[in-house]
Amino acid sequence: MCRSSRDIMSDDEYEPSRERGGPVAVRKADHLRINLEDDVDAKGVASGFDAYGFQHCALPELNLQDVDTSAVLFGRRLRAPVLISCMVGGTDHAGQLNATLARVAQALGLAMGLGSGRVLLEDPGALSTFDVRRLAPDVPLLANLGAVQLNKGYGVDECRRLVEAVGADALVLHLNPLQEALQPEGDTTFAGLLRKIEAVCARLGAPVVVKEVGWGLAPDLVSALLAAGAAAVDVAGAGGTSWSEVERHRIADPWRARVAAAFAGWGIPTAECVREARRASPRALIFASGGIRDGIDVAKAIALGANLAGIAGPFLRAAARGEEAALDLGRELVETLRVAMFAVGARSLDDLGGTPRLRRRDGTMDGPHLARYTYRTAHAGQFLDITGDVAEVVRSSGVRHGLAHVYAMHTTAAIRINEDEPLLRRDFHRFLERLAPAGPGLYEHDDLSRRPGLPADEPRNGHAHCRHLLCSTGETVPIVDGRLDLGRWQRIFLVELCSARQRTVTVQVFGR
Ligand SMILES: Cc1cc2nc3c(=O)[nH]c(=O)nc-3n(C[C@H](O)[C@H](O)[C@H](O)COP(=O)(O)O)c2cc1C
C-alpha cells in the first residue's frame, strides 16, 4: 500500500504552488509551538459534556471483566473507541510526535490521525514526518487534508497519493473556513466544495471522513456530507482547542488579533453536535472530537451517539512530555471508560450507545425525547385520557417549539383527540359499534379455522380491527412555548377497541 516519497509527486505530475513547503512548514511549526506553549482553549463556550451525568447503576448485573470496550473501524479492531485525532506533520518535531503517538496507538489499540498532508504533497521530502505505519501496523491510520485544497488544484489523484504514501486506511478532509478566514495567508475559497468532496468520495477507493477542526458540524451539514458519500463525519465541535485562539497568537497586527479574539467563544458545543448528528443520521458512522478530556467524556460521547471519540490537544501535550506520559493518558482514558461502562451496566459499546442512564444534570431530557408508556386498559370502548403523560414528556424534553407525536403500537387500540365528556365518550363507543358491530359471522378474520397456527387465546376481534381503520394509530400536536398547543376542549385519548389489554404508547418530541 505504501509507496515511496518519489511516488507521491513526481515533478511532471506536480504543479508547484507559491508556497512549496517552506511557508507551510513554518506555519505548521508555529501552530505546534503555540499549541504546546500557549493557552489555546476555547473561551466562553464549553464542550457541553459537563451538562450530562450518568445515573449510577448499583446492580449492573455483569462482571467488570466482561465489559468490552472494543470496536471495529475500517476493518481494523480497536481496543477502545478512541482516536488520537489528526494533528501534526511536516517538521522534525512533528515527526517525532507522530512517531510517539503511533507507538502509543499501536500499544493500546487506538486509532490515529495524521496532520494535514498538504506539506507532504508539496514537499515529498516531508514523508518521514508522517511515515508511521511501520510503528502502528495494526491500527486504523487516517491521512488528512484541508478540503479547501480541492478548490486549489488538488483532486482525487493527490488524495489517493497521500493515502497511499502514508499507508492510511482512510482520508480525512477537514473543513476549517473560520481558521482560514482569520489567517492573513488563508485559503478562503470554499464555494462549490461539496460537489468536489462528493467526487473524491466516489473515486478515491478508500473511505473519506469529513471533519471540522473545533467549531462543529451542524446536523444539516452532517446529512449533506453523508449524502455526498462520506463514510463518516467527525463533528469536531467547540469547547476544546480553539483555532481562532491559536491564530490569535500568530497574528502581529493588534486589530487582526482582536478579530481572532472575537471568535474564542464561537462554535457548536461538541455534545450538541453529536446528539444532533445522531438524530439527523441514525445509522451513520459519527466521530466526536473537541474538548473530550477524560474517559467519562468519552463514555458520554458514545452515549450521546458517537461511534468514536477523538482527542487531540491532550495527546499532543502528553507526547511532548514523552512516550510514557502519552501511554499513561491513553491507559487512563480506556480504563475510565471501562469502569464507567461497568457502573452504568453497559457490557458493550452498543449497550452504552443505547443506555437510558445518561441524564442532563438540570433534569431535562434529551436524546430523541422519546418516552414509552404502558397502560392496562379495562374494557372495549374505553377512552383513556393520556394528555398528562404526553405533556410530561414535552416538559422534560425542554423543547419550546416543535411537535409531539403520540403513537399506539397496536391495530386494535387507537390514539384520538377529542373532548373528554362522559356522555360523549359513550356516544363515540356506540358510533363505532354501529359502524363495525361485534358479532358472530360478520368478519372473515373471526373464522379461526381458516387461519392456521393461531395461539389458543386468539380473540375474535375483526370488529376491533375495522373500528381501528376509522380511527388512527397516532396524533401530532404542536408545541408552543414549551406546552402542548391543544384547544380548550381537546384531550388526547388512548382508545381501547378490543378488550382489557396491556397497551404501549410511544411519545416522541421534535423541536428546539
Ligand atoms: C496541534 C493540533 C493540530 C491540528 N491539526 C489538524 C489538522 O491538520 N487537521 C485536522 O483535521 N485537524 C487538526 N486539528 C484538530 C483536531 O484534530 C481536533 O478536531 C480538534 O483539535 C479538537 O480536539 P481537542 O479539543 O481534543 O484538541 C489539530 C489539533 C491540534 C491540537
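Definitions and cut-offs
- Residues numbered from 1 in each chain as written.
- Predicted model: local features only at pLDDT ≥ 70, side-chain atom pairs only at ≥ 80, totals over all residues.
- Helix = DSSP H or I, 4+ residues; strand = E, 2+ residues; numbered from the N terminus.
- Buried ≥ 20, exposed ≤ 12 C-beta atoms within 10 Å, placed from the backbone.
- Axes fitted to C-alpha atoms, helices over the stretch in contact; angles between N-to-C directions.
- Parallel < 35°, antiparallel > 145°, perpendicular 65-115°, else oblique.
- Left-handed = near helix turned anticlockwise from the far one by under 90°.
- Contact = placed C-beta atoms within 7 Å.
- Nonpolar A, V, L, I, M, F, W, Y, C, P; charged D, E, K, R; others polar.
- Domains from an automatic or database assignment.
- Pairing = 2+ DSSP bridges.
- Near = placed C-beta within 6 Å.
- Core = buried A, V, L, I, M, F, W, Y, C linked by C-beta atoms within 7 Å.
- Expected span 1.5 Å × (residues − 1).
- pLDDT = per-residue confidence, 0-100.

Draft legend 1. Layout of the overall build of the chain. When helices and strands are counted, the chain shows 18 helices and 20 strands. A principal-axis box enclosing the C-alpha atoms of the chain has dimensions of 90 × 50 × 50 Å. Taking all 512 residues of the chain together, 44% fall into the buried category.

Draft legend 2. Quick look at the packing of helix H3 (residues 92-108) against helix H14 (residues 323-343). Relative to each other, H3 and H14 sit at 40°, their axes nearing to 9 Å. With respect to H14, the element H3 is oriented oblique. Note that H3 runs across H14; the crossing there is right-handed. Residue-level contacts link Thr 100, Leu 101, Arg 103, Val 104, Ala 107 and Leu 108 of H3 to Glu 323, Ala 326, Leu 327, Gly 330, Arg 331 and Val 334 of H14. Of the residues in the contact of H3 with H14, the class split is seven nonpolar, two polar and three charged.

Draft legend 3. Examining the domain arrangement of the chain more closely. According to the domain assignment, the chain contains domain 1 (5-359) and domain 2 (368-440 + 460-511). Here the C-alpha centroids of domain 1 and domain 2 sit 46 Å apart.

Draft legend 4. Up close: helix H5 (residues 156-166). Inspection of H5 places Glu 158, Cys 159, Arg 161, Leu 162, Val 163, Ala 165 and Val 166 among the buried residues, and these make up the whole buried set. Within two residues after H5, Gly 167 carries a phi angle of roughly 65°, on the positive side.

Draft legend 5. Main features of the sheet that holds strand S20 (residues 502-511). Strand order in the open sheet made by the five strands is S13-S20-S15-S17-S18, with antiparallel pairing throughout. Lying at the two open borders of the sheet, with one neighbouring strand each, are strand S13 (370-376) and strand S18 (483-484). As defined by bridge partners, strand S17 (residues 474-480) adjoins S18 across two bridges and the pair is classed as antiparallel. If you follow Val 480 over to S18, its bridge partner there is Arg 483.

Draft legend 6. Inspection of the site of the ligand at higher detail. Around the ligand sit 27 residues, and of these His 174, Gly 240, Thr 241, Ala 312 and Gly 313 come closest. Counting residues per element, the ones that place at least two in the shell around the ligand are helix H2 (22-37), strand S5 (111-116), strand S7 (170-174), strand S11 (308-311) and helix H13 (313-321). By residue number, the principal contributor to the shell around the ligand is H2, which donates three residues. A per-class count over the shell around the ligand returns eleven nonpolar, 15 polar and one charged.

Draft legend 7. Inspection of the nonpolar core at higher detail. Formed by 118 residues in total, the largest nonpolar core has its most connected members in Ala 105, Leu 110, Leu 171, Val 233 and Ala 309. Those residues in contact with Val 233 that lie beyond four places of it in its chain are Val 209, Val 210, Lys 211, Leu 217, Val 222, Leu 225, Leu 226, Ala 277, Ala 284, Ile 286 and Phe 287.

Draft legend 8. Geometry of the sheet that holds strand S6 (residues 141-146). Spatially, S4-S5-S6-S7-S8-S9-S10-S11 is the arrangement adopted by the eight strands of the closed barrel, whose pairing is parallel. Strand-to-strand twist in this sheet, taken as the mean axis angle between neighbours without regard to direction, amounts to 25°. Here strand S8 (residues 208-211) runs beside strand S9 (residues 232-234); their pairing, made up of three bridges, is parallel. Opposite Val 210, over in S9, you have Val 233 as the bridge partner. The strands touched by H5 are S5, S6 and S7; relative to S6, the strand with the most contacts, the crossing angle is about 145°.

Draft legend 9. Fine view of the environment of Thr 506. For Thr 506, the location among the structural elements is in strand S20. The class of Thr 506 is partly exposed, set by 16 C-beta atoms lying within 10 Å. Once the C-alpha coordinates of Thr 506 and Arg 133 are considered, the two residues, 373 residues apart in sequence, prove to be 49 Å apart. Excluding residues that lie within four positions of it along the chain, Thr 506 makes contacts with Leu 370, Arg 372, Tyr 407 and Met 409.

Draft legend 10. Quick peek at the pairing of S17. For strand S15 (residues 402-408) and S17, the ladder comprises six bridges, and the chain directions are antiparallel. Each bridged residue has a counterpart across the sheet, and for His 405 the counterpart in S17 is Thr 476. Counted between consecutive antiparallel strands, the loop separating S17 from S18 contains two residues, among which Asp 481 sits at a positive phi close to 50°.

Draft legend 11. Spotlight on the environment of Ser 289. Within the secondary structure, Ser 289 sits in strand S10 (residues 285-289). Along the primary structure Ser 289 and Gln 183 are separated by 106 residues, whereas in three dimensions their C-alpha atoms are 23 Å apart. Setting aside residues up to four positions removed in sequence, Ser 289 forms contacts with Ser 85, Asp 234, Ala 236, Ala 309, Gly 310, Ile 311 and Ala 312.

Draft legend 12. Seen up close, H3. Taking 1.5 Å per residue as the helical rise, H3 with its 17 residues ought to reach 24 Å, and the 25 Å between its terminal C-alpha atoms agrees with that figure. Those residues of H3 lying buried are Ala 94, Leu 97, Asn 98, Thr 100, Leu 101, Ala 102, Val 104, Ala 105 and Leu 108. Looking one or two residues beyond H3, the residue adopting positive phi is Gly 109, at roughly 70°.

Draft legend 13. Representation of the confidence of the model for the chain. Residue-level pLDDT values for the chain average 91, and 94% of them are 70 or greater. Here residues 1-21 is modelled with pLDDT under 50, and outside its nearest four sequence neighbours on either side it reaches 34 contacts, counting other chains as well.

Draft legend 14. Broad picture of the environment of Leu 316. Relative to the elements of secondary structure, Leu 316 occurs in helix H13. With residues near it in sequence (within four places) discarded, Leu 316 still touches Asn 35, Leu 36, Met 87 and Leu 97.

Draft legend 15. Broad picture of the pairing of S15. Relative to S20, S15 runs antiparallel, the two sharing seven bridges. Looking at S20, one finds that His 405 is bridged to Gln 508.

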